Each structure stands twice: as structure tokens, then as C-alpha cells.
Amino acid sequence: MIGKTITHYKILEKLGEGGMGDVFKAEDTNLDRIVALKFLPLETTRDKDMKTRFIHEAKAASSLQHHNIYTIHEIDETEEGQLFIVMDCYEGKTIEEKVKQSPLEVDEAIDITIQIAQGLDKAHKQKIIHRDIKSANIIVTTDGIVKIVDFGIAKLAGQTKVTKDGTSLGTASYMSPEQTLGKEVDHRTDIWSVGVVLYEMLTGLTPFQGDYEQAVVYSIMNEEPKPLTGLRTGIPIELERIVNKALAKEPNERYQHLDELIVDLKKVKKEPEKEKTETQVPPPSKPADIKPVWKQPISLVVGAFVLIVIVGVLLISIISKPEPEVMPVIPQISSKSIAVLPFTSIDRTEESEIFSDGIHDDILTQIAKIHDLKVIARTSVLRYRNTEKSIKEIAQELGVGSVLEGSVRRSGNRIRVVAQLNDAVTENHLWAETYDRDYADIFTIQSDIAQNIAESLEATLTNEEKSSIERKPTENMEAYDFYQKGNHYWRNYYTKEGNIKAAEMYEKAIELDPGFSQAYARLSQTDFVLYTRWPEEFKEYLEKGLTALNMATTLEPDVMEVNWAKGYYFRNITQEIDKALDEFLLSLKKQPNSSDLNVIVAAQYMKKGEIDSAKKHYERAEELDPSWFVIKQGLSNLYAYIRDYEKALEYANECITLRPESVAGHISKFHALFHGYGDLNKCRKVINEAENSLTPEDFDWWFGEWKYLIELYSRNYQKILSSADILNYLNMEKIRFADVYYLLDKPDKYLPLCDSLKIVYEQQTKENPDDIHNQQVLGRVYSLLGQRKEASQESQEAADLFKIPQHWTNYPDPHINLVRVLILIDEPDAAIERLEYLLSVPCLYSTWDMKLDPFLDPLRENPRFQELIVKYSD
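Since we're looking at a predicted model, the values are computed, not measured.

1. Let's talk about the side chain of Asn-598
Moving on, step 1. Residue position: Asn-598 is located in helix H23 (residues 595-608).
Moving on, step 2. In this structure the side chain of Asn-598 is engaged in a polar contact, spanning 2.9 Å, whose partner is the backbone oxygen of Ser-594.
Moving on, step 3. Apart from the residues lying within four places of it in its own chain, the contact partners of Asn-598 are Leu-588, Pro-592, His-617, Arg-620, Ala-621 and Leu-624.

The following block contains the structure:
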């Protein structure tokens, strides 16, 4: 076969073989692309009726469109009548090949299984069952993407059961009990097979063994697999439970749907993907003179990271993936408003999907520059990918007067872009165009689409906007390809690896075009993300980011992306609020329809204490991006800061509805109930709800503090002392022991603890004099030991460093700590003055905190204390 040409496919090499047919790598001479050809055994298709059914089944399989499913391009036959299937060709290994080398790491196995389940879930929702899931039918590409092959082939080839004489037409080891008996099967047979593959990845063995196939069948029907935890150390008990449930012999006892399996796997995963924080960075007016001035120690970075939740994921730079079907209906629809639906990739390959998503984002970016238009943001339109809703329904949900839809196809250096603007009421075309051009014309096409939309909607287009829309970011199209790939990783992969991959793509773009300012700007942001989130591992990335930022500023200081990157630098590295805000506002002026920038600007105004300005930008962001949960959380926090707890709770609930698996809404709801109503029982309920929705790691990290506060305010001191998870939060076990023993009036317990803590924290403070966490703990230790002067000094310095609202937005803990210290060293008047300060500024502190905090008991009979509660209570 090697070297032969079948129709227009030139056979290059053999990739594999098996009972289902041989697979070859081939060149599509018509479209100049590499594909995989699977030749089916002649005996499976000699029968005419079988052949017809086979083609019908293959057509159904080819309709599947999902990034974890191999794309089928066509079915054809040789001159001899042998059918073959044309599929995408990817570099990678099958799970069978990977497992032969060694069992996989637990997290890798879980991640692969989640991807398998996501692909199969898509098929099941289209009433398509695979029937032959096994490790040899699942490929993991070099980029870590799972691809499932051979949909529908097993059914028509008759490979669905073991025959009476003990020989198999399929792979018995992966068959469900009902499949081995030849019974009619449903989607739950695939769920069984997924469980077998997961077991195999973890142990290197299939769960049911035998010397011959009938023995394997006996094992499937009558035996239980050896426990995972007995075969390998480090397997979580919960993961063993998940596998056992997938391998339940009765279908009704298994997972009934794959999305249930996905949820459980995500909970048990050791290192779940975090929400990507929007850590962007920029330089001063003289790029060469940029010097990092952020001198805070690493321990403060860790502490500050906890505080980011108060801002509410305001640092997220990429728009989240599509959210659940919950959208507010927005009244007063303007004719100058538009939603740009995701462009359809005609070829439906992974490369094509990345390309079409990039074109969609670029067109959105261009239209978003027009002040006279309202443009719905990416987050809120992605949910309509492959939707069955009408144009009118989509427009009503998004509150727009028109909807743009389109498709993209690329073949070599030729592209076809089809764009169609529809009126939301009549659903008639306002404008439509088909562009068949060279790829180098893509910028002209995007500009033309944006200007035609403005003209069709009678929107004013200023000369400055027109010039910006017509600007070409680069003349090197290969560099542009890498830039688009970098944006793909930047937007969609929130892990360390995703940021590294994005940086690699931007660097390749810069290598090809050293004058590509936008690539430099985005590279600086990825470098700063790596530096700020993993400082020990990526120390050198601060300097790398500064170099890239200087180059971007030198090349084109007035481009929107460069202003954005500069604002990021001032905000996250030098912590210069005003400079950061100036750059973000410049960027927003050039792209007024950016929900991301409106959220970022709102957060900067919050830091400045300018609540009205922050509210205006949050509300504008909500108008542009009504389904982005981050905005809901930001508004919830804003209203909690100004003590409008009813609205804070309303937005927190909306946030949870849109993104229940995110920590954001649960924390906002907790704050609203805790500070606004003092309802500790409802707060406990929020914690229980969060524990059911979040991964264990997320839950433990974010809610450890509030579990402690609930028990402290409930005065359940013995429960605190006996709860390791509460005590160990952020290594606070000893100081919390000391605090509780003080409240229990047991100096014989807390004084020795304080003596040892004093030695540790004095040394840590000496090494890191500006570490606020160390100063707070040391101040409390001194106060418990009766060292009044030292206690006051350390606690006051920590509070001064955390000025409200400038540092990390309205975070009151250092001031609360100072109040408690002042009480301990018998300075009640100073403590009350600090309490009044806390109640007079926007922050997460209320009279309910005063009423419930046991450390404030010595003040309760003080008339000034009582007056404060009356004055600031509703």
C-alpha cells in the first residue's frame, strides 16, 4: 500500500492494524493536508445490506462535532470495493501504548478520563453509542488532547458480543456484562468501558482477567475487580468508589449519564484547573527606566492571594467558557446593538476550530472599538454555539437589535468567510457578504465586516475608530497564526501549562515578526502571570515580562493592547493604583465595548474608594456581558462593601446560578449573610452547598477561614480545638489554639504557645519586615504576653500597610486584628475609634461583627460601643 494513491489520497506509511482494519497515514492531494485512512476488512462489507447500514452508521458518526472525537471527513471505496474512512491525523499515542510503558499518574488518568467522558457525552446526547471503547481506540495527542476513534464501526461490523464458542468479535476485556451476553445495549455500556479504561490507566491491568476470552467473560459476569488501593499506593478512596460505580454489573447501578461521572472526577482531581486570573502588566512612559518596586515577601503574596476573592476574580483576563442556560431578558433594545455569534468552522478540525474562534474574536474586537454600538461580549455569545434557538430568541435574551452569524473555511493560503447580519425582529438580512480571498487579506476582510455593520446599523464611525479598525497588526501571516494560537491558550487554558504554551506561541510570533507590538504586549502579560502566580518557579519571568513590555511600548505605545499590558504592570507588579487606572482607561477608550476592561476599571475605582465610578463600570460590563459570573460577583462585593446586603445577596445568587462550580458566588453569598444578617445557620448552609459544588482543594482553601469564624462567633470553642481542618488553615493552628485558650481563660495553655510563637515570628518578621501576616500574628502574640508597646507597634504597622480602600480593596482583617490587640492591652478608647473607622468606610465589616465577636466582650458595657451599634445598625 505504501506509495499507492487511492482516489486522491497518497499512502505515506502504516500507522496500525487490528480486527477493525488497517490504518495508514496519507496525503490528501486535493487539499494538501495529512489525513488518516482506515481500510475496513472486505468481509465486513461484502454483503450489500450490511454495506448500506455501515455507510448510514458512519454518516451518523461523522455528524459528531467535538474536540475529543476524531473528525470523519468522508467515506469512500477502492476499485476493489473495499470501504475506507478518511479521518484527521494527529501525532500522539493510544492509551494502550502509554499504559504499556507504565501506569499513568493519577491526575493524568483523571484528566484523560474526563476528556473521554466529555466526547462520549456529546455522542450520547445525539443518540450515538460507541460500543467499542477501549484503550486502543483512544489517542492522546502530543498536546494532551484526547481523541476517540471508531464511532459506530463496532455495531455494524457485528463486534458487539462474545459468541457461544468463546471467541470474540470484539475486545472482551472492555465489554459490559449485557454486551457479552448479546443483549440490546444503551449508552451505559460505554460508561462501563470508560471505567475499564480508567482502571487500566491507573494499574496497567484491565479489571477482569482470564487466559482466554470465555474466562474473561466469566470474570466480568461473576467477579469483582481487585481494589485499586490494594494494587497501587496513592489512589484516593473516592476515586476507587468512582471506578467501582462505573463498573457496576447492573446498568441501573452505574452512572446513568457521563456528566455525573465528570462532576465526580473533577472533585477528586488533585490539582483542578483554577480560574485564570487576569494578571496583565504595563510600563511607565520611559520603557527603559522601568524598575519593579514590588518588594512584598512571598508569604504576603500567598496571604494576598486569599484576599483576591474579596475583589471577586476581578483579575480574570480571559472570558470564561459558555455558562448554563440562565440569562436575564434586557428591555429597551437599541437598534445600534449587536451580538456576534461564534463563527462555524466548515472543516470541523481542531486546527480549523482554533482558526475560526480567532476570526470570531478579532471581528468582535474590531466592532467593540465603535463607541456608537453596543456589542455583546464573548462570554455571553459562546453559549449559543450550535444552538437551536432562533435569531429572535437570541436577540431577546441578549438585549440586542441585530445578530451577526458566519462561517469560515481555510485551505492552504485561501480562505472563505461568510458573514450575515440579521435584524432581530424580522430575522431578515440587513447585510451579507461572502469573501473568497487569499489568507493575507484576512485583516481587510475583518475591517470590511466591521465597517459594513456600522453602516447597516447607522452607527457613527469616527476617523480614529476607522483608522484603528483598518490597522494591520502584522504583515507576516505565519506570525499572525502563532499569535492566534497564543490567544487560544491564553483564553481557554487556565493552568500553568496553558500560560507556558501561550507564551511559547507569542515568542514564535515575535521571532517571525520582531515588530509585532501586540505579541510583545500579550507575551508580557503571560510572563507576569507566571511570575505572580508561581514566583519561586518563574523568578526570571519578571525580567522577561519587563523586556517584552518595553519592546511593546517602544514599538507602538498607543495601541490598546499595549495600554492594557501597562495597566497590568502597574496594578500587579508596582501596585500603583492611579497609573494602572490611567492605562486601563486609555485602553477602554479605544475599546469601549470590552466587558473585561470595564470590570478591571471598576476594580481600580474600588481600590480608590470611588464607589459610584466602580458601580458605573460594573453595570456597563453587565450590560455588555450579562452571563459572565465574574461581574455578578463584583457587584455583590460592591454592595456588600457599602452595606446594601439585600442587593449583595441578590447578585451572589445570580453568580451561583451562572457558575455553581466556581467559588466566587458562594463566598459572596457567605459575606452577605455573615456581615449583613449575622445569620450563622444560613452561613453554615452556604458552606455545605459550596462543599457539594466545589473541588475539595478549592473548598478547603477558600472556606477554611470562614468555618473558623462561624464557630468562633458561635462560641463553639471545643469544636474549634478538635477540628484539624479549621485549625490548620494557612498554618494558623498554634495562634488559633492560643486565641481559643485565651477566650477559655486558660493562661497555662496559651502562654507557653505564645512563647514559642514569639520566637518563630520574631525571626520571620526580621527576615521579612513588611510581611503583614507575620506582623498581625506577632502583634497578637505580644498582646497575649502582655508586651503592650510591641503589640501596638506591630499591629498598627500591619493596619497602616493595609489602608482601606487602597490595598486589595476594602480588606479589614489587619484593622480587626488591631482592635482585638488594643482590647488585650487595655486601650478600649483606641479600639472603639478603630471600630468606628471600620464602620465609616466601605468594607466587609458591620455591626453584626461587633455583636458576635467574642474578643469584643470587654467593650460591651462601654456606652460608646453601644452608641456605635445603634448609629450604624439599619
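2. Concerning the confidence of the model for the protein
Parts of the model with low pLDDT should not have their predicted coordinates read in detail.
Moving on, step 1. With 85% of its residues at a pLDDT of at least 70, the protein reaches an overall mean of 82.
Moving on, step 2. In this model residues 156-170 is a low-confidence stretch, pLDDT under 50, and it forms 37 contacts with partners more than four residues away in sequence or in other chains.
Moving on, step 3. Counting interchain partners and residues more than four positions distant, the pLDDT-below-50 stretch residues 270-331 has 230 contacts.

3. A closer look at the pairing of strand S13 (residues 402-411)
Moving on, step 1. Relative to S13, strand S10 (residues 337-340) runs parallel, the two being bridged by three bridges. Bridge pairing in S13 links Ile-338 to Ser-402.
Moving on, step 2. Two strands pair when backbone bridges link them, and strand S11 (residues 344-345) and S13 are joined in this way by two bridges, in the parallel orientation. Residue pairing across strands places Ser-345 opposite Val-408, the latter belonging to S13.
Moving on, step 3. Two strands pair when backbone bridges link them, and S13 and strand S14 (residues 414-423) are joined in this way by 10 bridges, in the antiparallel orientation. When the sheet's bridge partners are listed, Arg-410 is paired in S14 with Ile-415.
Moving on, step 4. Adjacent in sequence and paired antiparallel, S13 and S14 are bridged by two residues, among which Gly-412 carries a positive phi angle near 65°.

4. Description of the pattern of salt bridges
Moving on, step 1. Inspection of every chain in the model, using the stated rule, returns 45 salt bridges.
Moving on, step 2. Put simply, Arg-241 and Asp-264 hold a salt bridge, and the shortest N to O gap is 3.0 Å. With a gap of 23 residues between them, Arg-241 in helix H9 (residues 237-246) and Asp-264 in helix H10 (residues 258-268) connect regions that are remote in the sequence.
Moving on, step 3. When the shortest N-O distance is used, the salt bridge between Arg-410 and Asp-481 registers 3.2 Å. Here the residue Arg-410 occupies a position in strand S13, and Asp-481 occupies one in helix H17 (residues 477-492), the gap between them amounting to 71 residues.
Moving on, step 4. Taking the relative accessible area as the measure of exposure, Asp-481 reaches 18% and is therefore buried.

What counts as what
- Residues numbered from 1 in each chain as written.
- Predicted model: local features only at pLDDT ≥ 70, side-chain atom pairs only at ≥ 80, totals over all residues.
- Heavy atoms only, no water.
- Helix = DSSP H or I, 4+ residues; strand = E, 2+ residues; numbered from the N terminus.
- Polar contact = N/O pair within 3.5 Å; in protein donor to acceptor, adjacent residues only side chain to side chain.
- Contact = heavy atoms within 4.5 Å.
- pLDDT = per-residue confidence, 0-100.
- Pairing = 2+ DSSP bridges.
- Salt bridge = Lys/Arg side-chain N within 4 Å of Asp/Glu carboxyl O.
- Buried < 20%, exposed > 50% of the residue type's maximum accessible area, 1.4 Å probe, protein only.

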